Structures are given as C-alpha cells and as structure tokens.
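The primary structure of each chain is shown beneath.
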Amino acid sequence: MNVDDALPGFIVESTDLLREMEAGLLDGDAADAETVNLIFRCAHTIKGSAGLFGLDSIVRFVHVLETVLDLVRQRRLAMSESLRALLLAGKDHIAQLVARVEAGERLSAPDTRGDELASELRRAAGLEEAAAGNGVAEGHEPQAQPDSRPGGSGESLVVQAWRVSARFSAEVLKAGMDPLAFVRYLSTFAALDSVRIVADGLPAPEEFDPESCYLGMEIALRTAAARERIEAAFDFVREDCTLQITPIAATSGSATSAGEETAKSEHAGNESGKRGAAARSIRVDAEKLDHLITRIGELIIAAAGTQLAARRAEDAGLEEHASMLTGLVEQVRESALQLRMVKIGGVFDRFKRVVHDLSRELGKEIGLIVRGEDTELDKTLVERIADPLTHLVRNAMDHGIEPAGVRAQRGKPPAGTVTLNAFHDSGSIVIEVSDDGGGLRREKILAKALERGLVDAARELSDGEVFNLIFEPGFSTAERVTNMSGRGVGMDVVKRNITALRGTIGLRSEEGVGTTVSIRLPLTLAIINGFQVGVGGSSYVLPLEAIDECVELTADTGHDFTDLRGEVLPFVRLREVFGTSQPAARRESIVVVRHGGQRAGLVVDALLGESQTVIKPLGKIFRNVACVTGSSILGNGEVALILDVPALVRQAAGRNSSSSVILRRG
C-alpha cells in the first residue's frame, strides 16, 4: 500500500471524526460521560493516525487537546461554556491542519496558532502551573500513559501484557510506510517495555537491496486496551506484514473474572460487527459518480433513439428488445441517482455551530431545532444550498430574533428559536428556515420600497408581494450596519442562487410572531422523468412530478380560466408564451400542473407521452429566456426545451388575479 494512497483515507476519516467532535461539543449535554468519551476517542484516533504519517504538528496539538479532555473525563475539570468554545476553536485548528495536508503541505513551518491555542488550553485546565511545579518545560506535555480507567480506551480495569511480533514485507518501504511509525502509535495507548529489532531476514550482502525492508520487530507492551485496538494499529500495513499478538499475563494482581471476559467478548463482537458493516460500504469519488451519471444520460438518449428507430422499422422483435433495453436503462438510472442522493441532515448539522457561535457574538440566547434531517436530495444541491441557508440563518438570528428584554415584554421566552425543516412535496424538496422573532414589518418595507421607487404608490400589493420586496438588490430596512447584515447585500444573492438551481424562494411572516422562508428545489439536477408536449412544430418537456392530470380544452371562451369539475383553473397558452406562429391544433389539451399548493393549466397542441429526460443547461445567451429552465436531446436528435413550471404557474395566477378570480388552493 502506497502512503499517497493511504493519505486520502486519513483525510476522510479525520474529517468525519472532526464532525463527530463538533457535534459532541455542541450537544446540549456535552459534559455527559458518554459524550466526553466520544469526543476524546475522536481526538485520540486522529492523533494516532496522524502519527502513522509523521504529521507531528497535528500529533503535538491534538495531544494537548486530548489531555484536557482526559481531565474532563476524570471529572477533574468542568465542561464550562468558555472551555467548550476553546475546544471548538481547537477542533477548527485541527481541521485547518488537515486541510493543509490535503492541499499537499508537509506542515514543516512552526504552528504559531496551534501553540497559542495549546497555551490557552493548558491555562484553562491548570496544566501550565502543574507543569511548572514538576519542572516540565512550557510547550511540552508529560508522556501519555496507558489508559486503564473506566470509560477509557480499554474495556476493563486490568492492564494486560502483550507480545507483538511483526514481520514486514520487503516492499513496505517502497510503499512509503515507516515501520517506526507503528511503534510511535502503540506508545500513545500502551507502555512499551521493550522493542527488539529482528534481523533474521537479512539476505547475503551481495543480494542486499537498500530500498527493501528485511527487518522485523518483537514488542513487549502493557495496556488496558483490547486486542482489537492493537491490531488496528497495523491497519495501514496489514497487507504488507505478518502479525502475531499473544497475551503474556495480567499485571493487576488478580485474574480477570468471567464477567469481564464476557464483556471483552461482546466488545470484540461489536467491533467485528462494525467492521463488517464498514466492509459493506465504500467511498466513491464524487467526480467518478458525476462521470457515471453523465454516461447514463447519454445511454438514455441512445436508448430513446433505438426505440424510435425500432418503431419506424415496424419490426416487432426489434421493438420488444428496444423496450427491454429502455426498461433496463431506467432501472440503472434510478440506481445511479440513488447513489447521488444524500440526507440533508449533514447540511443542517453545520448550523449547530453557526447558531452556537453567532448567538454568543450577538449576546442572544438562541436555540436550533432541526426537523426532516433524513430527507434526501441530490448531492450537488446539498453542496450548493449550504451558503444560501447560512445567510438565511444568520439573517434570522440578527434581524429576526429580538433581544431577551424585548421578548420578555412581548410575553415570549427569553431564548429565541431558529428552526430548520425539510420535506418532500410534489416531486420537489422544500427547505424552511423559521424563527420565532419579531416578524417582518409590512408598512416599513412598503415605505422603503416607495422611497426607492420599486413600486407604484397607486398599486395595491398583497402581503406576499410586499414581503418579496426584500429580495430586491440592495434592499434593506436595517437601521444600523453590522458585520453580519444591514448593507442590503445578501437576500438578492440568495434568490439568485436558488433560481440558478431551478428552485424558488418565498416567505410568510406575521409581525410579532415570526418569519418562515421557504425554498423549493428539484430533487435532482441531472435526469428527470419527463412528459413531452407539442406546440406548433416544437416539443417541450414538463417534469412528470409536477403534473396532476391532462384534460381536453372543450371550448375557447376568450378567458384565461376554465371550469375543472366545479373548480376554477387558470391557464396559459404555450403558443402565446413562446410566440408560435403556426395555427393551433383542432383539438387542444390542458396539462394541469401544480406548484407550491397552486394549480394551473398549460394549453398545448399534442400530448406526446412520458420519457426519461436528461437535463442539459442552457447557454449564457439563453439564461434569461422566460419560462424555460433547461433543454434535453430527444431520441430523434431534436432539442426540446424543459419548461419552468413555477414561472408558468405564477404567470397563470397573475393573469387570473387581474380578472378577480380566486385560485383553488391545494
């Protein structure tokens, strides 16, 4: 195994462990013994893995953080808010060091920031005074001793002596692994009684290869850790060494009881089960996954072309095989898209830290409630939704949540709440950012809009139209500018970013009660189930999830609405939207679509049926074309535009409201 191949695994593992550390530190009961042990284990694992790669800067800093956490585990140090903030800063610094390693740095420069944080951690834990009293130089910690306490790395109070016999293959040095690194890692959780180099594998001098390893090691150690942990120390070189681990004797002076042996056996079984679960999953590079989706998209287009050619040839056997091919391609497509789907909880978890840090900065007591964290969406959306959500959360905390005194006057609890919620609706994912703050002041927003000339003073605006003015570029009603908001930069960018994802954003608010911002996004940006319609000589595609039904347009009354089983349904004619000059078909149809609880009809010439649709982005010159979100290549090689259902529904609703017709709400 080459060290360059193993390093990405260390980076991924460290990132996951750092995420667990942060979650534990932000836990409402971070002082709980189980939570502290979790945080400690994460730090300890990072330190050990970093030692295997010779990342001494990370090892030194994490050792200080680990020492402080150990004092918390022993109940010799309280997990105060100031200590929690310091540990979070330490976690951030480790993340920065790992990111530098990922960028190719060797961390050879002095770690000034790490030294500063380490000094603060020592002072907070009273370690500097202890070190001075014991004659230990500042900046150095006593050597770690084996952990034999309850809740520590070992599973019992018994310190067990072990003999570790390791014989490395000749290729281990060429693979970039340093045998001494494993000794260093063992010393982090065990007392090494002896380390003996075995040279019985040395060849004759004339056959000696300086790039090959011929040495072995015989190590005697004592630790309370389980055998599995000793084995895990050699995980990175398991394929390039022969390993034997045998117990010598217990040093506690008493035999291990049957109950303790049973506990060890159960622990080993649990660890084995975890490794078995891990063996059933693999990490896949995102670029490889994107490449797979792209190729499947091309396969879908090719399969559609094959099916069309089979129909034209009027060959029943060929049509059957083409149909089978299309069905298989659809199954592969569904499986591939599932690989891209991830839970939004990973994004929501980031905001625990945002809320924690910002509430301290603002001097407000604010809690975070998360709902719908198991809701899945495309990984590309997950990556691109984080920044807009961050701005919305910060805005809710800065502008939405009132100070404790104001909340008390309004009969509210002193602690404000920001809620993140996600759920699926009509083939889309809806993400809501809510707060229980003061809400939006309608008259103030309207006055500001009139002042800037954004609206006509004679026009009557609904609450929704007034509230949506905050998404105008440069719009702000803040009376003061802070380092977080008040400059009128942000909400328009949020809307632009959401629109770029083929999504929509809206809000509802009640003064004195709170505000909810709703973001509606497609589940995927790659491939969708589409429904083709024809208008004139052109084909268009609608997302199948947005369609309720198709009905015949019975009569043209000159109105922009029709009677659908006793309900008023507004509609738009696509030939008018796109300026089609060809005459309408003798029998037109209405495709009934739904978005955000509203329904509208789209009048088309022909219904062409369902199809898998590969979404192709529009070029820059076409980005401002109304009511279109993308394009797709059909089986016959023609290009079909993918329609923007939300925009069409809004257009239909706008026409209908001017005629004073009430829309049916879903």
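Engineer: Kindly report on the environment of Thr45, identifying the contributing residues and their values.
Structural biologist: Topologically, Thr45 is positioned in helix 2 (residues 33-52). Take Thr45: its relative accessible area is 26%, and that puts it in the partly exposed class. Expressed as a C-alpha distance, the spacing of Thr45 and Thr188, which sit 143 residues apart in the sequence, is 10.0 Å. A polar contact is formed between the side chain of Thr45 and the backbone oxygen of Arg41, at a distance of 2.8 Å.

Engineer: Explain the side chain of Arg84 to me, and be specific about the residues and the numbers.
Structural biologist: Among the structural elements, Arg84 can be located in helix 4 (residues 81-102). Within polar-contact distance, the side chain of Arg84 engages the side chain of Glu81 at 2.8 Å.

Engineer: Got a sec to walk through the sheet that holds strand 6 (residues 366-371)? Specific residues and values, please.
Structural biologist: The sheet built from five strands is open, its strands ordered 6-8-9-11-10 with mixed pairing. Each edge of the sheet is formed by a strand with only one pairing partner; in this case those strands are strand 6 and strand 10 (504-510). Geometrically, the sheet is characterised by an average inter-axis angle of 15° between neighbouring strands, direction not taken into account. With seven bridges connecting them, strand 10 and strand 11 (residues 514-522) associate as antiparallel partners. In the strand pairing of strand 11, Glu510 is matched with Gly514. Relative to strand 6, helix 12 (residues 345-362) is tilted by about 170°, and along the sheet it contacts strand 6, strand 8 (416-425) and strand 9 (428-435). Across the face of the sheet, helix 13 (residues 379-400) comes into contact with strand 6, strand 8, strand 9 and strand 11 while running at roughly 20° to strand 9.

Engineer: An account of helix 5 (residues 112-125) is needed here, citing residue identities and associated values.
Structural biologist: For helix 5, with 14 residues, the first-to-last C-alpha span of 20 Å sits near the 20 Å given by 1.5 Å per residue. Taken residue by residue, helix 5 has Gly114, Leu117, Ala118, Ser119, Leu121, Arg122 and Ala125 as its buried positions. Directly beyond the C-terminal end of helix 5, a positive phi value near 70° is found at Gly126.

Engineer: Account for a nonpolar patch on the surface, naming residues and giving values.
Structural biologist: Nonpolar side chains collect at one region of the surface, where Val195, Ile197, Leu202, Phe208 and Leu215 lie side by side and expose about 420 Å² of accessible area between them. Relative to the helices and strands, Leu202 is located in the loop between strand 2 (191-198) and strand 3 (216-223). In this structure Leu202 comes out as partly exposed when scored by relative accessible area, which is 42%.

Engineer: Talk me through the pattern of salt bridges; I want residue IDs and the actual numbers.
Structural biologist: Per the counting criterion, the structure on display carries 31 salt bridges. For the salt bridge of Arg227 with Glu231, the shortest nitrogen-to-oxygen distance reads 3.3 Å. Linking Arg227 with Glu231, this pair stays in helix 8 (residues 227-232), spanning four residues, or about one helical turn. Since its relative accessible area comes to 23%, Glu231 is described here as partly exposed. Ionic pairing is found between Glu334 and Arg333, a salt bridge with its closest N-O pair at 2.5 Å. Residue classification places Glu334 among the partly exposed residues on the basis of a relative accessible area of 33%. On the basis of relative accessible area, Arg333 is assigned to the buried category, the value being 3%. A single network of salt bridges, built from pairs that share partners, joins Glu22, Lys91, Asp92, Arg353 and Asp357.

Engineer: A description of the sheet that holds strand 12 (residues 527-535) should follow, citing residues and the corresponding values.
Structural biologist: Spatial ordering of the open sheet is given by 19-12-13-21-20, a layout of five strands whose pairing is mixed. Every other strand in the sheet has two partners, leaving strand 19 (606-614) and strand 20 (628-633) as the edge strands with one partner each. When the angles between neighbouring strand axes are averaged without regard to direction, this sheet yields 35°. Judged from the five bridges that link them, strand 20 and strand 21 (residues 639-643) form a sheet pairing that is antiparallel. Each residue of the ladder has a partner; that of Val628, found in strand 21, is Leu643. With respect to the sheet, helix 11 (residues 316-340) is in contact with strand 12 and strand 19, its orientation differing from that of strand 12 by roughly 130°.

Parameters at a glance
- Residues numbered from 1 in each chain as written.
- Predicted model: local features only at pLDDT ≥ 70, side-chain atom pairs only at ≥ 80, totals over all residues.
- Heavy atoms only, no water.
- Helix = DSSP H or I, 4+ residues; strand = E, 2+ residues; numbered from the N terminus.
- Buried < 20%, exposed > 50% of the residue type's maximum accessible area, 1.4 Å probe, protein only.
- Polar contact = N/O pair within 3.5 Å; in protein donor to acceptor, adjacent residues only side chain to side chain.
- Pairing = 2+ DSSP bridges.
- Axes fitted to C-alpha atoms, helices over the stretch in contact; angles between N-to-C directions.
- Contact = heavy atoms within 4.5 Å.
- Expected span 1.5 Å × (residues − 1).
- Patch = residues over 30% accessible without salt bridge, like charges linked within 9 Å, V, L, I, M, F, W, Y side chains within 5 Å.
- Areas by Shrake-Rupley, 256 points an atom, 1.4 Å probe, with all protein chains shown as cover.
- Salt bridge = Lys/Arg side-chain N within 4 Å of Asp/Glu carboxyl O.

In short, shape yes, function no, at least from these values alone.
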